Amino acid sequence: MNETTTEAFKTLKESPLFNLSLSSKELFHSNMFYWICETYGDILGPILAEKIGIEAEHIEETKREKLNTDLIIHFKEDKKVVIENKVKSIPNPAQLKKYEQSVLGIDKFVLLSLLRPSFEPVSTNWKHIDYRDYCKILEELISELEKGQNLCLDKPDYSYHLSLLKDYTKFIAALVAITETITIDFENGLFDFHKNHSQYQEIRLHDLYTKRIYSLILSKLTQLLPPGKDNWHTHINYLNGKGIISIEYRAHSSILGIMIDGHRYLHFIRPSDRSDQNAIAKELLDEGKWLNPNLKKDELQYPKAPKMFNKYGLMLYRSVKIPADFPLKDFLNIIEKDFRLMMQAWQ
């Protein structure tokens, strides 16, 4: 751990607001943003408007948790902005598209996230702001508040508010610094990153650590996708302490995909219509076209014979265990070949 990271860990351990945030991590930040907008919207308004690229000044009203959104900010200039806040959660493009289609009359949708998305913007209506930018917005707000202290004398708790904002900004800066130092060595095994897990568990950021690792892996896999990216759909999740990545190829009535589910690597198939899934899966397996995951020679596949497939919901799959010391670069090379197999399965 380098000096910057050590100092960032120390900052978070000592921050009252960070420790309070641990009880409801994502909601805490949305509520904090709401409070800032409602309390100092006249000063925050022009700073935020410039950052997200709209012509507006003062914030008139902020609504939270309306229409399945985190925040809806109304500017006095009749501009409306949706803020979708992702602190530890990983952004999902399908979810963002759903917001855009269901929440009408919005001038700009803003994805505010600590982890950088692995996908391109879902449309020109979306603007991404990471937490480093958010930190700069807060720093500019504090600077404006300190310059115009006389204008805030009507707020009896102004000094207290200022100290809270400074602590919050310092805690955000530390969170960004820690996140940016989380990297993965593709020469090592997939689970080599666990050796640093306990350091993050100490400050209850182990879930963030794992999500960051898996988002880096997904970003690398996204770069390896073959042409025709409209047919490829990526998903990332964190469940029961493990990272889950799935990549689907949707160019047929049956959807083929791969999944990294903790210590298992899966080939799967699921229907997009009412076709006979078992018959299609059996045909693909018998012809050696799909559902035959291999990482090493003569490894054991699951389920064991005579059973052909495991089932989860409508998904049929076969899997192998990922060896702890299996080099990640070799693993990604195998997945890249499996991408091509998915495309060839229907030819």
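Data block above holds the structure.
Residues numbered from 1 in each chain as written. Predicted model: local features only at pLDDT ≥ 70, side-chain atom pairs only at ≥ 80, totals over all residues. Heavy atoms only, no water.

Asker: What's the story with the packing of aromatic side chains in this structure? I'm lost.
Answerer: Considering all chains together, one arrives at 15 aromatic pairs under this definition. Between Trp35 and Tyr40, the ring centres sit 6.3 Å apart and the planes meet at 85 degrees, which makes this aromatic pair edge-to-face. The exposure class of Tyr40 is buried, given its relative accessible area of 1%. Members of the aromatic cluster, joined through ring pairs, are Phe18, Phe28, Phe33, Tyr131, Tyr134, Tyr168 and Phe171. Over the aromatic face of Tyr34 sits the side chain of Arg64, whose NZ or CZ is 3.8 Å from the ring centroid. (Phe/Tyr/Trp six-rings, centres within 6.5 Å; stacked < 30°, edge-to-face > 60°. Buried < 20%, exposed > 50% of the residue type's maximum accessible area, 1.4 Å probe, protein only. Lys NZ or Arg CZ within 6 Å of the ring centre and 35° of its normal.)

Asker: Just checking my understanding: could you explain the pairing of strand S4 (residues 108–113) for this structure?
Answerer: Successive residues of a regular strand alternate their side chains across the two faces of the sheet. In terms of burial, S4 is largely enclosed, as six of its six residues are buried. Because side chains alternate across S4, one face comprises the buried residues Lys108, Val110 and Leu112, and the other comprises Phe109, Leu111 and Ser113, equally buried. Of the strand pairs in this sheet, strand S3 (residues 80–86) and S4 are connected by six bridges, and their pairing is parallel. Each residue of the ladder has a partner; that of Val82, found in S4, is Phe109. Bridge count between S4 and strand S5 (residues 126–130): five bridges; the pairing is parallel. Paired with Ser113 across the bridge in S5 is Asp130. (Helix = DSSP H or I, 4+ residues; strand = E, 2+ residues; numbered from the N terminus. Pairing = 2+ DSSP bridges.)

Asker: How do you make sense of the nonpolar core when you look at a structure like this?
Answerer: As a rule of thumb, soluble globular proteins bury nonpolar side chains together. Membership of the largest hydrophobic core comes to 99 residues, with the highest contact counts inside it found for Tyr168, Ile260 and Phe331. Sort the elements by how many residues they give to this core and helix H3 (residues 25–52) lands first, with 13 residues. With residues near it in sequence (within four places) discarded, Phe331 still touches Leu190, Ile260, Tyr265, Leu295, Ile322 and Phe326. One finds Ile72, Val82, Leu111 and Trp126 within the second-largest nonpolar core, a separate group that totals nine residues. (Core = buried A, V, L, I, M, F, W, Y, C linked by side-chain atoms within 4.5 Å. Contact = heavy atoms within 4.5 Å.)

Asker: For this particular structure, what's the right way to read the sheet that holds strand S6 (residues 232–239)?
Answerer: Sheets are built from strands paired through backbone hydrogen bonds, the pairs being either parallel or antiparallel. Spatial ordering of the open sheet is given by S6-S7-S8-S9-S11-S10, a layout of six strands whose pairing is antiparallel. The open sheet has two free edges, formed respectively by S6 and strand S10 (310–312), since each of these has just one partner strand. Along the sheet, successive strands turn relative to each other by an average axial angle of 25 degrees, direction set aside. Pairing between S6 and strand S7 (residues 242–249): eight bridges, direction antiparallel. Within the sheet, the bridge partner assigned to His235 lies in S7 and is Ser246. Running at roughly 130 degrees to strand S9 (residues 264–271), helix H9 (residues 277–286) makes contact with strand S8 (254–261), S9 and strand S11 (315–321) of the sheet. Along the sheet, helix H10 (residues 328–344) makes contact with S6, S7, S8 and S9, crossing S8 at roughly 170 degrees. (Axes fitted to C-alpha atoms, helices over the stretch in contact; angles between N-to-C directions.)

Asker: Could you clarify how one ought to interpret a negative patch on the surface in this entry?
Answerer: A cluster of acidic side chains, namely Glu38, Glu57, Glu60, Glu61, Glu77, Asp78 and Asp107, defines a negative patch on the protein surface. Within the secondary structure, Glu77 is located in the loop between strand S2 (71–75) and S3. The class for Glu77 is partly exposed, based on a relative accessible area of 34%. (Patch = residues over 30% accessible without salt bridge, like charges linked within 9 Å, V, L, I, M, F, W, Y side chains within 5 Å. Areas by Shrake-Rupley, 256 points an atom, 1.4 Å probe, with all protein chains shown as cover. Salt bridge = Lys/Arg side-chain N within 4 Å of Asp/Glu carboxyl O. Lys, Arg positive; Asp, Glu negative; His and termini not counted. Charge placed at Lys NZ, Arg CZ, Asp CG, Glu CD.)

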